[in-house]
Amino acid sequence: FCKLISGYQQPQSGNIYLRSEKLLKPSRSILYIPQEDDLFEWHTLKQHFEFISKLKNTNAPNAYLLDILGLSNVLHQSPKQLSGGQKKKAQIYKSFLINPMLIVFDETFSAIDQSSTDLIISEFLKIWKQKETSVIFVSHYSQNIKPYVGRVLKMEKLSLRAEN
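Only a predicted model underlies this, so the values are computations on that prediction, with no experimental measurement involved.

### Considerations on empty space enclosed by the protein
Line of reasoning, step 1. By the definition in use, this model includes 2 cavities of 30 Å³ or more.
Line of reasoning, step 2. Its boundaries defined by the atoms lining it, the largest cavity holds a volume of some 80 Å³.
Line of reasoning, step 3. What lines the largest cavity is a set of 11 residues, among which Glu107, Phe109, Ser110, Val138 and Ser139 lie closest to the centre.
Line of reasoning, step 4. Class assignment for the residues of the lining of the largest cavity results in 6 nonpolar, 4 polar and 1 charged.
Line of reasoning, step 5. Looking at the second largest cavity, its volume works out to about 50 Å³.

Structure representation (structure tokens):
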């Protein structure tokens, strides 16, 4: 599902559109944050974020968000030196830097405790609303994100249905 709506896989039938544009391949308009971390192992976090910041149409680094995510003190560490939660928080920070139209979080918050998740989502919601970014949270535990979302869809046997 996540790979389909992110353009990494094509549907067997039908089409997927993002704001009237047919999605045929991965795009910088959509940021897919997979379950497994996708950080550059050969860079420190700071180097990783600096690399992303040099791409076109990205946001400048934000010290406040790094503090909220608890990453300020680990910027000089490589991903292999980070905990699972720190790696997920680094991926969340990438969503701010890249500034996509759609973000797909695939189980991103499962490695982060609930109080940190609450703080992170409440801060990032302000940014996403201001930039009109659409966000999809994929989670086995909808109660963790339910307070922050407009709609919960429950997947059953590869189909979607709305959950009340």
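### Thoughts on the pairing of strand β4 (residues 102-106)
Line of reasoning, step 1. Taking burial as the measure, the 5 residues of β4 include 5 buried ones, the bulk of the element.
Line of reasoning, step 2. One ladder, built from 4 bridges, connects strand β3 (residues 30-33) with β4; its direction is parallel. From the neighbouring strand, Leu31 faces β4, where its bridge partner is Ile103.
Line of reasoning, step 3. Both β4 and strand β5 (residues 134-138) contribute to a ladder of 5 bridges, which runs parallel. Note on β5: the bridge partner recorded for Val104 is Ile136.
Line of reasoning, step 4. A crossover links β4 with its parallel partner β5, the connecting element being helix α5 (residues 114-131), and its sense is right-handed.

### Considering the sheet that holds β4
Line of reasoning, step 1. Spatially, 3 strands are ordered β3-β4-β5 in an open sheet, and the strand pairing comes out parallel. Here the strands that pair on one side only, and so sit at the sheet edges, are β3 and β5. Geometrically, the sheet is characterised by an average inter-axis angle of 10 degrees between neighbouring strands, direction not taken into account.
Line of reasoning, step 2. In the packing of helix α4 (residues 84-98) onto the sheet, contacts are made with β3 and β4, and the angle to β3 comes to roughly 175 degrees.

### A look at the environment of Glu107
Line of reasoning, step 1. Assignment of secondary structure puts Glu107 in the loop between β4 and α5.
Line of reasoning, step 2. Judged by its relative accessible area of 9%, Glu107 is buried.
Line of reasoning, step 3. Considering only alpha carbons, one finds Glu107 and Leu97, 10 residues apart in sequence, at a separation of 20 Å.
Line of reasoning, step 4. Among residues more than four places away in sequence, those in contact with Glu107 are Gln35, Val138, Ser139 and His140.

### Description of α4
Line of reasoning, step 1. The end-to-end C-alpha distance of α4 is 21 Å, a good match for the 21 Å that 15 residues give at a rise of 1.5 Å each.
Line of reasoning, step 2. Burial within α4 is extensive, with 13 of its 15 residues counted as buried.
Line of reasoning, step 3. Just beyond α4, the residue with positive phi is Asn99, at close to 60 degrees.

Thresholds, definitions, all that
- Residues numbered from 1 in each chain as written.
- Predicted model: local features only at pLDDT ≥ 70, side-chain atom pairs only at ≥ 80, totals over all residues.
- Heavy atoms only, no water.
- 1 Å grid on protein atoms, 1.4 Å probe; cavity = no way out; pocket = protein on both sides within 12 Å on 5 of 7 lines; lining within 4 Å.
- Points joined across faces, edges and corners; volume = space filled by probe spheres on them.
- Nonpolar A, V, L, I, M, F, W, Y, C, P; charged D, E, K, R; others polar.
- Buried < 20%, exposed > 50% of the residue type's maximum accessible area, 1.4 Å probe, protein only.
- Helix = DSSP H or I, 4+ residues; strand = E, 2+ residues; numbered from the N terminus.
- Pairing = 2+ DSSP bridges.
- Right-handed = clockwise from strand over helix to strand, strands pointing away.
- Axes fitted to C-alpha atoms, helices over the stretch in contact; angles between N-to-C directions.
- Contact = heavy atoms within 4.5 Å.
- Expected span 1.5 Å × (residues − 1).

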